[in-house]
Amino acid sequence: MEVDKGKGEAEETRKVAEADRDTVTLKSSDGKLFEVSKEAAARLSTVLAGMIAGGSIDDNGTDLKQIGSEALENVVDYCNKHANSIPSAALISSSISFNTAPFKEPEEWERKFVDRLSHDALFDLVEAANFLGMERLLDVTCHKISEMMKGKSPDQIREVFNIKNDYTKEELEEIRQELAWAFYDD
Amino acid sequence: MPPRGPAKRAAPPVGGSGGNIEVLPDSILEHILGFLPSPEAVQTSVLARRWRHLWKSATGLSVGCGYTSFPFSVEELRSLMNHLLILRQGSALEKCELTFGAFTGQDDVSHVNLWFRQTRHELDGVRMHSSLLNFSSCPALEYLEITCSDLSSVNIIVSESLKHLNIIDSVCSSDSRIRIYAPKIVSLRLEYLRKRTPMLEKMPELVQAFFRIDDECSDRCNGPNYESCDCESCDSSDNMADGSGSCVLLSGVSEAQNLTLISHSELVYLHSHIITVMYYKSFSAALYISSLEFRIIYIIVAT
């Protein structure tokens, strides 16, 4: 009995220590390890929140086989930056903190964060955000991509995003006629 | 705010997918299209076969937005809206942003009501510059923002589902009050309203209320003695009698856990049957009242 009790206590202590850790370790598909604030990860990612709550976080690095190291580094970077930019309670009266709109415009640091990414890095990050259930990061990255499309002609969009036009001339003409109501600017 | 340098362009695509957006699944492309003005989203049909119908499932609608000086009239947007709604065939929307200006034609109101009905199960965000306001046909509407609007012909705003309501920088009627009937409201923001402040029906779920009152508000007392004044703005017996209220009636916020009141005038004077007098004498300062058992509050802003 004594032994069991001792063991139980030790386990208890270990569990408490684990729960007390304020970071979690994530492992990319290519085996690199990244530390991220547990609070931010749980707040920003529904998937990580579920894993943390369900105790399926591995101390030696939780495997995220679908996410490459570059994208995971960006995810972790985003979480850590987000953790540092929580508006203070004193801002409660400012108009910014009260905005409960479905989508809030990206903040200055979020803009900078996505602006520095190459197209490939941005697309990888969108997919990682989608996979991890990070609604805000998904919105910010998708919003960025939409800004890269906004105001551009179809030819320009194809060029920016490397899209191959596989329509015939006749098909294109037909679509344009069918959707004339949306091409009112021309 | 740090100075902004020259806009950084994303590095030219190298390696990987070669910057090809088509590595992304349809669901993400549809989300991206939801951030574009809707006509531009439709125009992506011509990019390539894969894009032909993606816009129909775009997760957001954005019509008439971004034209701050001259919003489109309802009539100008009619064809676009009707096409969008018919061709989308009711696919789910996360957000819907409509901006329109004048109601010029006889049928305008019925058209706009039709748009709301058609988006009813999906709509959870509307920003509008217009003057109608019965949302009982949108049972999923949760977020409503009304900015820079002329509400002088509006008598009542009704929504059984609304959770967040912001009315900012708008003109209310000068002789009757807008009644806001929205029993599910969680957060409410009224800011820079001209003429008569709206009257709030019971909002038992209210958590946060924010009111900013400036000189344009006509609910104010100009009398020299606020406590015994019987001018139109102050006469509380009259308000109680006919129930319509001629003071600023905020009975609806009685359950608010968090009430912020900011007055740009020099003095905010609060009195009610429970809270008798609270003075606040500081230019554009905030008054926080937490968890008080409000029943009825009159806020009289005096200069």
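Calculation notes
Residues numbered from 1 in each chain as written. Chains lettered and ligands numbered in written order. Predicted model: local features only at pLDDT ≥ 70, side-chain atom pairs only at ≥ 80, totals over all residues. Heavy atoms only, no water. UniProt positions renumbered as here; feature names shortened; annotations may be inferred. Buried < 20%, exposed > 50% of the residue type's maximum accessible area, 1.4 Å probe, protein only. Helix = DSSP H or I, 4+ residues; strand = E, 2+ residues; numbered from the N terminus. Pairing = 2+ DSSP bridges. Contact = heavy atoms within 4.5 Å. Axes fitted to C-alpha atoms, helices over the stretch in contact; angles between N-to-C directions. Left-handed = near helix turned anticlockwise from the far one by under 90°. Nonpolar A, V, L, I, M, F, W, Y, C, P; charged D, E, K, R; others polar. Patch = residues over 30% accessible without salt bridge, like charges linked within 9 Å, V, L, I, M, F, W, Y side chains within 5 Å. Areas by Shrake-Rupley, 256 points an atom, 1.4 Å probe, with all protein chains shown as cover. Salt bridge = Lys/Arg side-chain N within 4 Å of Asp/Glu carboxyl O. Lys, Arg positive; Asp, Glu negative; His and termini not counted. Charge placed at Lys NZ, Arg CZ, Asp CG, Glu CD.

- Chain B goes by F-box domain-containing protein in an unreviewed UniProt entry, where it is assigned to Digitaria exilis.

- Looking at an unreviewed UniProt entry, one finds chain A named SKP1-like protein and attributed to Digitaria exilis.
- Note on chain A: under the UniProt heading Pathway (unreviewed entry), the record states "Protein modification; protein ubiquitination."
- For chain A, the Function (unreviewed entry) comment in UniProt is given as "Involved in ubiquitination and subsequent proteasomal degradation of target proteins. Together with CUL1, RBX1 and a F-box protein, it forms a SCF E3 ubiquitin ligase complex. The functional specificity of this complex depends on the type of F-box protein. In the SCF complex, it serves as an adapter that links the F-box protein to CUL1."

## Points about the pairing of strand β8 (residues 187-191) of chain B
All names here are of chain B.
For step 1, the next point in the chain: The buried fraction of β8 is high, at 5 of 5 residues.
For step 2, the next point in the chain: Side chains of β8 alternate between two faces, with S187, R189 and E191 and L188 and L190 buried alike.
For step 3, the next point in the chain: Of the strand pairs in this sheet, strand β6 (residues 164-168) and β8 are connected by 5 bridges, and their pairing is parallel. From the neighbouring strand, H164 faces β8, where its bridge partner is S187.

## Overview of the sheet that holds strand β3 (residues 62-63) of chain A
Residue and element names in this part refer to chain A.
For step 1, the next point in the chain: Spatially, β2-β1-β3 is the arrangement adopted by the 3 strands of the open sheet, whose pairing is mixed. Of all strands in the sheet, those bounded by a partner on one side alone are β2 (33-37) and β3.
For step 2, the next point in the chain: Seen against the sheet, helix α4 (residues 69-84) touches β1 (23-27) and β2 and runs at an angle of roughly 20 degrees to β2.

## Focus: the side chain of B:S62
All names here are of chain B.
For step 1, the next point in the chain: Here S62 shows up in strand β1 (residues 60-63).
For step 2, the next point in the chain: A relative accessible area of 12% means that S62 is categorised as buried.
For step 3, the next point in the chain: When neighbours within four sequence positions are excluded, S62 is seen to be in contact with L36, P37, S38, P39 and E97.

## Thoughts on the sheet that holds strand β9 (residues 199-200) of chain B
All names here are of chain B.
For step 1, the next point in the chain: Judged by pairing direction, the sheet is parallel, and its 3 strands sit side by side in the order β5-β7-β9 without closing on themselves. In this open sheet, the two strands that pair with only one neighbour each are β5 (156-158) and β9.
For step 2, the next point in the chain: In the sheet, strand β7 (residues 179-181) pairs with β9 via 2 bridges, with the strands oriented parallel. Paired with I180 across the bridge in β9 is L200.

## So, the packing of helix α6 (residues 119-131) of chain A against helix α7 (residues 135-149) of chain A
Each pair of packed helices can be summarised by the angle the axes make with each other and by the distance between the axes.
Residues and elements named next belong to chain A.
For step 1, the next point in the chain: Contact geometry of α6 with α7 gives a least axis separation of 8 Å together with a crossing angle of 145 degrees. For the pair α6 and α7, the sense of crossing is left-handed. Contacts between α6 and α7 involve H119, L122, F123, L125, V126, A129 and N130 on the former and, on the latter, L137, L138, T141, C142, K144, I145 and M148.
For step 2, the next point in the chain: The residue inventory of the contact of α6 with α7, partitioned by class, reads 10 nonpolar, 3 polar and 1 charged.

## A look at a negative patch on the surface
Residue and element names in this part refer to chain A.
For step 1, the next point in the chain: On the surface, E70, E73, D124 and E127 cluster together into a negatively charged patch.
For step 2, the next point in the chain: Only α4 and α6 provide two or more residues apiece to the negative patch.
For step 3, the next point in the chain: Position of E73 relative to the elements: it lies in helix α4.
For step 4, the next point in the chain: For E73, a relative accessible area of 47% translates into the label partly exposed.

## Some remarks on unusual backbone geometry
For step 1, the next point in the chain: With a phi angle near 60 degrees, A:N162 is a residue other than glycine that sits in the positive phi range.
For step 2, the next point in the chain: By secondary structure assignment, the location of A:N162 is in the loop between α8 (154-161) and α9 (169-178).
For step 3, the next point in the chain: With a phi close to 50 degrees, B:Y192 is a non-glycine residue in the positive phi region.
For step 4, the next point in the chain: Among the residues examined, B:Y192 registers a relative accessible area of 25% and is labelled partly exposed.

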